[in-house]
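Residue-level structure breakdown
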Amino acid sequence: MTNNAKSELEIRERIETLLDGIRTGDLGALKTIFAPNVVSFDVEAPLRHLGAEKKLQNWEKVFTVYRTPLGYEVRDLTVLVDGDLAVTYAVNRISGTLVNGAEAGMWVRWTAAWRRTDGEWQIVHDQASVPMYFPEGRAATDLTP
């Protein structure tokens, strides 16, 4: 097995840790995934979130809106590795029951840049986005892959 193939398996395992943390609302698990200086372009304003603390605050908001466990599906995951850097991308669906009892969910586009530091893969850049309908200027949260 090549080093890059081994790294791809390690990153896929890290993604499973991320997904388990999201599904169960475990901020501690999520904290291990994001580098302290992560830059995140999230679906929520502002345009850029700097640092793991801000990224985790966004997930904490999600966990106050949804009841756990959450549904979180990943489709068409691609992992590209070159040495100590990697890029992953997929379309992901978050879904579940809101605290008010309503069911809600949407697909988002997800891209993450990973860096291996001291043998540990962490996300250093994260982007989750929703396409838009033009000219209406509204988010296209009703799309499915």
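Residues numbered from 1 in each chain as written. Predicted model: local features only at pLDDT ≥ 70, side-chain atom pairs only at ≥ 80, totals over all residues. Heavy atoms only, no water.

Comments concerning the packing of aromatic side chains
To describe a pair of aromatic rings, you give the distance between the ring centres and the angle between the ring planes. Heads up, the condition is: Here the aromatic set is Phe, Tyr and Trp, taking the six-membered ring for Trp, and pairing holds for ring centres within 6.5 Å; pairs whose planes are under 30 degrees apart are stacked, those over 60 apart are edge-to-face, and all others are tilted. The helix count covers DSSP runs of H or I at least four residues long, the strand count covers runs of E at least two residues long, and both are numbered beginning at the N terminus. Note on exposure labels: buried denotes an accessible area under 20% of the residue type's maximum, exposed denotes more than 50%, and partly exposed covers the range between, all computed with a 1.4 Å probe on protein chains only.
Summed over all chains, the structure comprises 2 aromatic pairs. Between W59 and F63, the aromatic rings sit 5.9 Å apart at their centres with planes inclined by 25 degrees, giving stacked as the arrangement. With W59 and F63 both in helix α3 (residues 52-65) and 4 residues apart, this pair spans about one turn of that helix. As far as burial versus exposure is concerned, W59 and F63 are alike and both buried.

Let's talk about a nonpolar patch on the surface
The condition is simple: Residues enter patches when they are more than 30% accessible in relative terms and free of salt bridges; like-charged ones are connected within 9 Å and nonpolar ones (Val, Leu, Ile, Met, Phe, Trp, Tyr) within 5 Å. Computed with the Shrake-Rupley method and a 1.4 Å probe, the accessible areas treat only the protein chains shown as cover for residues. Salt bridges are defined as contacts in which a side-chain nitrogen from Lys or Arg sits within 4 Å of a carboxyl oxygen from Asp or Glu.
A cluster of nonpolar residues, L80, V87 and Y89, forms a patch on the protein surface that exposes about 250 Å² of accessible area. Along the chain, L80 falls in strand β3 (residues 71-82). Under the relative-accessibility criterion, L80 is labelled partly exposed at 47%.

Focus: the sheet that holds strand β2 (residues 49-50)
Applicable threshold: At least two bridges found by DSSP between two strands is the condition for calling them paired. We call two residues in contact whenever any of their non-hydrogen atoms come within 4.5 Å of each other. Interaxial angles span 0 to 180 degrees and are taken between N-to-C directions of axes, which are lines fitted to C-alpha atoms, for helices over the stretch in contact.
Here we have 6 strands laid out as an open sheet, ordered β2-β1-β6-β5-β4-β3, and mixed in their pairing. The open sheet is flanked by β2 and β3, the only strands paired with a single partner. Where strand β4 (residues 85-97) and strand β5 (residues 103-117) come together, 13 bridges link them in antiparallel fashion. Paired with Y89 across the two strands is T111, which belongs to β5. Lying on the sheet, helix α1 (residues 3-24) is in contact with β1 (34-41), β3, β4, β5 and β6 (120-129); it crosses β3 at an angle near 155 degrees.

Looking at the side chain of S40
Rule in force here: N or O atoms within 3.5 Å of each other form a polar contact, as long as, within protein, one can give a hydrogen and the other can take it, and as long as residues adjacent in sequence are counted only when both atoms are side-chain atoms.
Within the fold, S40 resides in strand β1. On the basis of relative accessibility, which here comes to 1%, the residue S40 falls in the buried class. Engagement of the side chain of S40 in a polar contact is seen with the side chain of K55, the distance being 3.4 Å. Side-chain polar atoms of S40 contact the side chain of D126, separated by 3.1 Å.

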